[in-house]
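Each chain is listed here by its residues.
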Amino acid sequence: QVQLVESGGGLVQAGGSLRLSCAASGTIFSLNDMGWYRKAPGKQRELVADITSGGSTNYVDSVKGRFTISRDNAKKTVYLQMNSLKPEDTAVYYCHAAHRYNSALEWWGQGTQVTVSA
(Lines give C-alpha, C1' and ligand atoms only; values in the text may rest on other atoms or scores of the structure.)
Protein backbone atom coordinates (compact mmCIF):
# COMPACT_ATOMS: atom_id res chain seq x y z
CA GLN A 1 0.00 0.00 0.00
CA VAL A 2 1.37 3.37 -1.04
CA GLN A 3 1.39 6.11 1.56
CA LEU A 4 2.40 9.74 1.28
CA VAL A 5 2.90 11.62 4.53
CA GLU A 6 3.35 15.39 4.46
CA SER A 7 4.92 17.48 7.18
CA GLY A 8 6.27 20.97 7.66
CA GLY A 9 3.17 23.11 7.40
CA GLY A 10 2.29 25.78 9.91
CA LEU A 11 1.72 29.45 10.55
CA VAL A 12 4.24 31.98 9.31
CA GLN A 13 4.31 35.71 8.76
CA ALA A 14 4.42 37.18 5.30
CA GLY A 15 7.96 37.14 3.97
CA GLY A 16 8.83 34.06 5.96
CA SER A 17 9.77 30.55 4.86
CA LEU A 18 8.57 27.02 5.31
CA ARG A 19 9.81 23.69 4.04
CA LEU A 20 7.29 20.97 3.29
CA SER A 21 8.31 17.32 3.16
CA CYS A 22 6.49 14.34 1.72
CA ALA A 23 7.73 10.90 2.65
CA ALA A 24 6.61 8.00 0.47
CA SER A 25 6.34 4.34 1.33
CA GLY A 26 5.16 1.26 -0.46
CA THR A 27 6.27 2.41 -3.88
CA ILE A 28 9.32 2.48 -6.10
CA PHE A 29 9.82 6.18 -5.47
CA SER A 30 12.37 6.72 -8.23
CA LEU A 31 9.75 5.77 -10.84
CA ASN A 32 7.25 8.35 -9.64
CA ASP A 33 6.70 11.86 -10.85
CA MET A 34 6.01 13.93 -7.74
CA GLY A 35 4.07 17.12 -7.24
CA TRP A 36 2.68 19.59 -4.73
CA TYR A 37 -0.85 20.90 -5.11
CA ARG A 38 -2.74 23.36 -2.96
CA LYS A 39 -6.36 24.07 -2.22
CA ALA A 40 -7.41 27.40 -0.76
CA PRO A 41 -10.94 28.10 0.57
CA GLY A 42 -13.25 29.02 -2.26
CA LYS A 43 -10.68 28.22 -4.91
CA GLN A 44 -9.97 25.23 -7.10
CA ARG A 45 -7.06 22.96 -6.38
CA GLU A 46 -4.00 23.96 -8.35
CA LEU A 47 -0.67 22.44 -9.17
CA VAL A 48 2.06 24.40 -7.40
CA ALA A 49 5.15 22.52 -8.59
CA ASP A 50 6.14 19.14 -9.86
CA ILE A 51 9.30 17.17 -10.46
CA THR A 52 9.63 14.22 -12.77
CA SER A 53 11.45 11.02 -11.97
CA GLY A 54 14.26 12.43 -14.09
CA GLY A 55 14.45 15.64 -12.10
CA SER A 56 12.76 18.12 -14.44
CA THR A 57 10.74 20.73 -12.59
CA ASN A 58 7.73 22.88 -13.32
CA TYR A 59 6.12 25.71 -11.34
CA VAL A 60 2.95 27.70 -11.45
CA ASP A 61 3.75 31.30 -12.37
CA SER A 62 2.69 32.71 -8.99
CA VAL A 63 5.46 30.84 -7.12
CA LYS A 64 8.31 31.03 -9.61
CA GLY A 65 11.43 32.43 -8.00
CA ARG A 66 10.04 31.84 -4.49
CA PHE A 67 9.41 28.08 -4.25
CA THR A 68 11.77 25.22 -5.03
CA ILE A 69 10.79 21.58 -5.41
CA SER A 70 13.38 18.86 -4.96
CA ARG A 71 13.55 15.15 -4.31
CA ASP A 72 15.80 12.68 -2.54
CA ASN A 73 15.23 9.26 -4.05
CA ALA A 74 17.33 7.53 -1.39
CA LYS A 75 15.05 8.93 1.31
CA LYS A 76 11.91 8.56 -0.82
CA THR A 77 11.07 12.15 -0.01
CA VAL A 78 10.06 15.20 -2.00
CA TYR A 79 10.44 18.72 -0.62
CA LEU A 80 8.92 22.10 -1.28
CA GLN A 81 11.01 25.00 -0.03
CA MET A 82 8.78 28.05 0.18
CA ASN A 83 10.39 31.46 0.60
CA SER A 84 8.99 34.99 0.58
CA LEU A 85 5.61 33.63 1.53
CA LYS A 86 2.53 35.74 0.88
CA PRO A 87 -0.94 35.62 2.44
CA GLU A 88 -2.26 34.33 -0.89
CA ASP A 89 -0.11 31.21 -0.43
CA THR A 90 -2.40 30.18 2.42
CA ALA A 91 -3.89 26.79 1.57
CA VAL A 92 -3.83 23.11 2.32
CA TYR A 93 -0.87 21.65 0.46
CA TYR A 94 -1.10 18.10 -0.87
CA CYS A 95 1.63 15.80 -2.05
CA HIS A 96 0.90 13.83 -5.21
CA ALA A 97 2.65 10.91 -6.84
CA ALA A 98 2.08 9.38 -10.25
CA HIS A 99 3.81 6.39 -11.73
CA ARG A 100 5.95 7.56 -14.61
CA TYR A 101 4.85 4.81 -16.99
CA ASN A 102 1.25 4.43 -15.86
CA SER A 103 -0.48 7.69 -14.93
CA ALA A 104 -3.53 5.73 -13.80
CA LEU A 105 -1.47 4.83 -10.76
CA GLU A 106 -1.54 7.94 -8.60
CA TRP A 107 -1.64 8.70 -4.90
CA TRP A 108 -2.33 11.65 -2.62
CA GLY A 109 -1.19 12.65 0.80
CA GLN A 110 -3.54 13.82 3.52
CA GLY A 111 -2.53 17.46 3.21
CA THR A 112 -0.78 19.95 5.44
CA GLN A 113 -2.06 23.42 6.29
CA VAL A 114 0.05 26.45 5.43
CA THR A 115 -1.17 29.77 6.81
CA VAL A 116 0.59 33.03 6.00
CA SER A 117 -0.40 36.03 8.06
CA ALA A 118 -0.16 39.57 6.75
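Structure: see above.
Quantities reported herein were computed from a predicted structural model and do not represent experimental measurements. (Residues numbered from 1 in each chain as written. Predicted model: local features only at pLDDT ≥ 70, side-chain atom pairs only at ≥ 80, totals over all residues. Heavy atoms only, no water.)

Engineer: Account for the packing of aromatic side chains, naming residues and giving values.
Structural biologist: According to the stated counting rule, one finds one aromatic pair in the structure shown. It is arginine 19 that lies over the ring of tyrosine 79; its NZ or CZ is 4.0 Å from the centre. Just above the ring of tyrosine 37 sits the side chain of arginine 45; from NZ or CZ to the centre is 5.7 Å. (Phe/Tyr/Trp six-rings, centres within 6.5 Å; stacked < 30°, edge-to-face > 60°. Lys NZ or Arg CZ within 6 Å of the ring centre and 35° of its normal.)

Engineer: Outline the sheet that holds strand S1 (residues 3-7), listing residues and values.
Structural biologist: An order of S1-S3-S8-S7 is seen for the four strands of this open sheet, with the pairing classed as antiparallel. Every interior strand has two partners, whereas the edge strands, S1 and strand S7 (67-72), have only one. Pairs of neighbouring strands in the sheet enclose a mean axial angle of 15 degrees, with direction left out of account. By the bridge criterion, six bridges tie strand S3 (residues 18-25) to strand S8 (residues 77-82) in an arrangement that is antiparallel. If you follow serine 21 over to S8, its bridge partner there is tyrosine 79. (Pairing = 2+ DSSP bridges. Helix = DSSP H or I, 4+ residues; strand = E, 2+ residues; numbered from the N terminus. Axes fitted to C-alpha atoms, helices over the stretch in contact; angles between N-to-C directions.)

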